[in-house]
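# A closer look at the structure
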Amino acid sequence: MAVSMLWLGDSGCSSVLNMACISTGRLCARVERFCQFSHSIQVRKKTTIGSTKLIQFGFQPSSRSLTQGCQRLPTRTSVEATCGASTVWGGGGGGGFWRPLSVASAGPPPAVSNHAVNSHEADPDADPQTGKAVDPYRLLAEEMSTLFHDIRQELRKNTSKPELERISCYYFDGEGKALRPMVALLMARAINEHVHRHRPTVDRGLLPAQRQVAMIAEMIHTASLIHDDVIDQSDFRRGKPSVNALWEQKKVAMAGDFILAVASMMIARLRNNDVTIVLSQVVTDLVQGEFMQLGSKETENERFAHYLTKTYRKTASLIANSVKAVAMLSGADESMTELAFQYGRNLGLAFQLVDDLLDFVSSAAELGKPACADLQLGLATAPVLFACEKFPELNPMIMRRFSEPGDVEKAFDYVHRSHGLDQTRFLAKQHCAEAARLARSLSTSPYRSGLLTVCGLVLNRTK
Ligand code: FPP
Ligand code: MG
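Note that the structure is a prediction, hence the values are computed from the model and not measured.

Scoring rules and cut-offs
Per chain, the residues get numbers from 1 upward, laid out in the order the sequence is written. Here the convention is simple: chains get letters from A, ligands get numbers from 1, in the order in which they are written. With pLDDT at 70 or above as the cut-off, local features in this predicted model cover only qualifying residues; side-chain atom pairs require 80 or more to be listed or tallied, and sums for whole chains, interfaces and linings still use all residues. Think of the side-chain values as coming from all heavy atoms in the structure, minus any hydrogens and water. Only runs of H or I of at least four residues qualify as helices and only runs of E of at least two qualify as strands under DSSP, and these elements are numbered from the N terminus. It only takes one pair of heavy atoms within 4.5 Å for two residues to be counted as in contact. Each accessible area value is a Shrake-Rupley result obtained with a 1.4 Å probe; residue values ignore everything except the protein chains displayed when judging cover. For Na, K and Ca the donor cutoff is 3.2 Å, while for all other metals N, O and S atoms count as donors only within 2.8 Å; water does not appear among the atoms, so some sites may look incomplete. Residue burial is assigned from relative accessible area. The probe radius is 1.4 Å, only protein chains are included, and a residue is buried under 20% of its type maximum, exposed over 50%, and partly exposed in between. N or O atoms within 3.5 Å of each other form a polar contact, as long as, within protein, one can give a hydrogen and the other can take it, and as long as residues adjacent in sequence are counted only when both atoms are side-chain atoms. Residues are labelled near a given molecule or strand when at least one of their non-hydrogen atoms is within 4 Å of it. Residue classes follow a fixed rule: Ala, Val, Leu, Ile, Met, Phe, Trp, Tyr, Cys and Pro count as nonpolar, while Asp, Glu, Lys and Arg count as charged, and any other residue, Gly among them, counts as polar. Just to be clear on terms, a salt bridge is a Lys or Arg side-chain nitrogen sitting within 4 Å of an Asp or Glu carboxyl oxygen. One fewer than the residue count of a helix, multiplied by 1.5 Å, yields its expected span. Here the aromatic set is Phe, Tyr and Trp, taking the six-membered ring for Trp, and pairing holds for ring centres within 6.5 Å; pairs whose planes are under 30 degrees apart are stacked, those over 60 apart are edge-to-face, and all others are tilted. Each ring is checked for a lysine NZ or an arginine CZ that lies within 6 Å of its centre and within 35 degrees of its normal; such an atom marks a charge sitting over the ring. As used in this record, nonpolar core signifies buried Ala, Val, Leu, Ile, Met, Phe, Trp, Tyr and Cys residues forming a set joined through side-chain atoms within 4.5 Å.

Bringing the overall build of the protein chain into the picture now. In terms of regular secondary structure, the protein chain is built from 20 helices and six strands. Counting only contacts in the protein chain whose residues sit at least 6 apart along the sequence, the fraction spanning at least 24 positions is 74%. A total of about 18,600 Å² of accessible surface is found on the protein chain, and carbon and sulfur atoms cover 53% of it.

Right, here's the structure in full:
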């Protein structure tokens with residue numbers, strides 16, 4: 001079986017066949033060969049921070065990345081070539097990650113970094129004036145700067161309860177990565193450019209309804225995080241106390257519901273049945289994904305299928321369906337809305353794979369949330385599932401959700417002694433490469449370039 005993995009679960013749409021899917025054992029063997037290739041360019045370094053062993057793949061999480069290591073290859077391949085950007089999200093919990101210094105002024109699209117460090121080829125996605133990759137935060141600075149303000153306004157105008165307002169506004173402080181609204185805005189603008197490319201007189205600007213979808217995506221995401229913090233009993237997020245550390249659980253759960261209710265009203269106001277169905281699917285998926293996380297499967301194959309379906313539902317569905325919704329609003333045909341969906345699905349899967357990897361290699365200070373949390377919550381994510389092939393001793397631990405004394409420490413150690421982290425990264429890289437390939441079929445624009453930059457950011461992020 002080629003590395004084109006086969007699907008073992010439900011991705012929630014017609015794109016099922018494209019879903020990255022895995023027969024763990026065979027994939028491990030295949031992936032291992034690829035990882036051996038990348039091993040030669042990675043200097044593995046073990047560090048001890050407190051009691052947590054960190055393995056850094058030849059990069060300091062806040063300044064360098066695996067992919068940068070890979071860029072030293074003579075020929076750029078797949079994701080390095082397609083994702084380009086060497087900028088990373090990272091550099092310390094809560095704020096401090098890569099962001100523009102100020103709101104961009106109207107002018108040429110600003111740039112972040114050399115797209116092809118060692119290449120003399122012209123890069124079609126670079127800003128023509130600077131030859132550098134487009135910085136999506138700067139490109140969208142104006143829209144993004146008002147987005148959180150507008151969300152807070154929506155919440156405020158729907159309640160007369162000051163405490164409910166405070167709890168529900170707490171995470172809308174502009175300190176998150178804002179990945180979901182950013183991708184929705186980039187896709188909206190890139191698709192508007194593409195759909196109207198032969199009609200120069202048509203206004204290709206962002207539609208108000210598309211901006212609403214970007215806000216709704218962030219609101220659904222935040223509502224789910226608030227509920228998640230209660231479920232996980234986490235007391236730290238984005239470098240500050242989480243909502244449930246500050247307010248009582250019942251109120252926090254209701255604040256999550258409130259955000260979701262306001263987002264639902266905003267969806268209804270769009271008066272577009274197809275968009276309503278697509279965005280409602282997201283909420284169904286989120287709940288089912290979180291529910292799936294409570295269970296585990298007996299066999300390795302079943303477990304990987306379960307993990308991927310859960311990952312799609314818990315993380316990728318929101319990104320995939322919100323970019324699909326903005327494409328639908330632009331009047332794109334079915335093939336274009338499917339392209340948008342697939343871009344979001346691949347990006348979302350990669351995002352969660354990297355998230356699961358960072359849980360093993362980053363510190364809490366770096367993440368702005370508790371590190372090494374998944375094992376402690378009983379969760380077997382991709383690094384553990386891959387590590388099982390080399391260390392079958394992990395199987396009973398997975399089944400008992402790492403509940404016996406010493407399980408968490410042993411599993412952590414096995415993961416680091418296996419290729420589980422490399423294999424997880426490899427899979428994330430495949431999904432980023434696929435997202436970038438899809439974005440490239442849109443007509444050239446700074447927004448398309450932004451969509452490509454995001455693929456690199458997702459892969460290289462350190463928080
Ligand atoms: C973070 O997971 C959680 C999610 C991505 C989704 C959580 C979904 C629910 C709680 C279902 C309810 C949904 C709604 C819309 C109210 P994580 O714990 O892996 O990430 P973390 O480390 O950032 O906490
Ligand atoms: Mg959590």
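Now that the structure has been shown, the text picks up again.
Six octahedral donors around a metal ideally make angles of 90 or 180 degrees; four tetrahedral donors ideally make 109.5 degrees. The magnesium ion (ligand 2) binds to the protein through D228 (OD) and D232 (OD); the donor distances cover 2.0 to 2.1 Å. In this pair, D228 and D232 are both assigned in helix α8 (residues 208-232), four residues apart and thus about one turn of the helix distant. A relative accessible area of 14% means that D228 is categorised as buried. Since its relative accessible area comes to 22%, D232 is described here as partly exposed.

Note that R400 resides in the loop between α17 (394-399) and α18 (407-417). Spatially, the C-alpha atom of R400 lies 8.0 Å from that of G378, the residues being 22 residues apart in sequence. At a separation of 2.8 Å, a polar atom in the side chain of R400 contacts the side chain of D407.

Further remarks concern the site of ligand 1. Around ligand 1, the structure places 13 residues, and the nearest of them are D228, D232, R237, K314 and K369. Between D228 and ligand 1, the recorded distance is 2.8 Å, taken from a side-chain N or O atom to an oxygen atom. R237 has a polar side-chain atom sitting 2.7 Å from an oxygen atom of ligand 1. For the shell around ligand 1, the secondary structure elements donating two or more residues are α8 and α11 (273-292). A per-element tally of the shell around ligand 1 places α8 first, with six residues. Residue composition of the shell around ligand 1, grouped by class: five nonpolar, two polar and six charged.

Overall, the coordinates contain 18 salt bridges when judged by the stated rule. The residue E163 makes a salt bridge to K251 at a minimum N-O spacing of 3.0 Å. Remark: K251 occurs in helix α10 (residues 249-269) and E163 occurs in helix α6 (residues 162-169); sequence separation between them is 88 residues. We note a salt bridge from R400 to D407, for which the minimum N-O separation is 2.8 Å. Among the residues examined, D407 registers a relative accessible area of 1% and is labelled buried.

Between its terminal C-alpha atoms α10 stretches 31 Å, which fits the 30 Å expected from 21 residues at 1.5 Å a residue. Residues V252, A255, G256, F258, I259, V262, A263, M266 and I267 constitute the buried set of α10. Contact partners of the buried residues in α10: α5 (141-157), α6, α8, α9 (243-246) and α11. At the C-terminal side of α10, R271 shows a positive phi close to 50°.

Turning our attention to the environment of Y343. By the element assignment, Y343 lies in helix α13 (residues 334-361). Judged by its relative accessible area of 0%, Y343 falls in the buried class. In the structure, Y343 is positioned 88 residues away from H431 in sequence and 9.0 Å away in space, judged by C-alpha atoms. Apart from the residues within four sequence positions on either side, Y343 is in contact with V183, M187, A435, L438, A439, L451, V454 and C455.

Applying the stated rule across the entire model yields seven aromatic pairs. Note on F304 and Y307: the rings are 5.8 Å apart at their centroids and 80° apart in plane angle, and the pair reads as edge-to-face. Separated by three residues within a single helix, F304 and Y307 lie in helix α12 (residues 300-329), roughly one turn from each other. The residues F304 and Y307 share a single accessibility class, namely buried. Note on Y312 and F341: the rings are 6.4 Å apart at their centroids and 50° apart in plane angle, and the pair reads as tilted. Of this pair, Y312 sits in helix α12 while F341 sits in helix α13, and the two are 29 residues apart along the sequence. Neither Y312 nor F341 differs from the other in exposure class; each is buried. R238 extends its terminal NZ or CZ atom over the ring of Y171, reaching a point 5.6 Å from the ring centre. Positioned over the ring face of F351 is R461, at 3.7 Å from the centre of the ring.

Moving on, we come to the nonpolar core. Formed by 113 residues in total, the largest nonpolar core has its most connected members in Y343 and L394. If you tally residues by element for this core, the top one is α13, at 13 residues. Those residues within four positions of L394 in sequence are excluded, and the remaining contacts are V384, A387, C388, A411 and Y414. Judged by nonpolar contacts, the second largest core, of five residues, contains Y312, A320, F341 and L349.

Bringing α13 into the picture now. Along its 28 residues, α13 runs 40 Å from first to last C-alpha, staying within 8% of the 40 Å computed at 1.5 Å per residue. Within α13, 25 of the 28 residues are buried, leaving the element largely enclosed by the surrounding structure.

The next point concerns unusual backbone geometry. A positive phi angle, close to 55°, is found at A178, a residue other than glycine. On the secondary structure map, A178 appears in the loop between α6 and α7 (179-195). A relative accessible area of 4% places A178 in the buried class.

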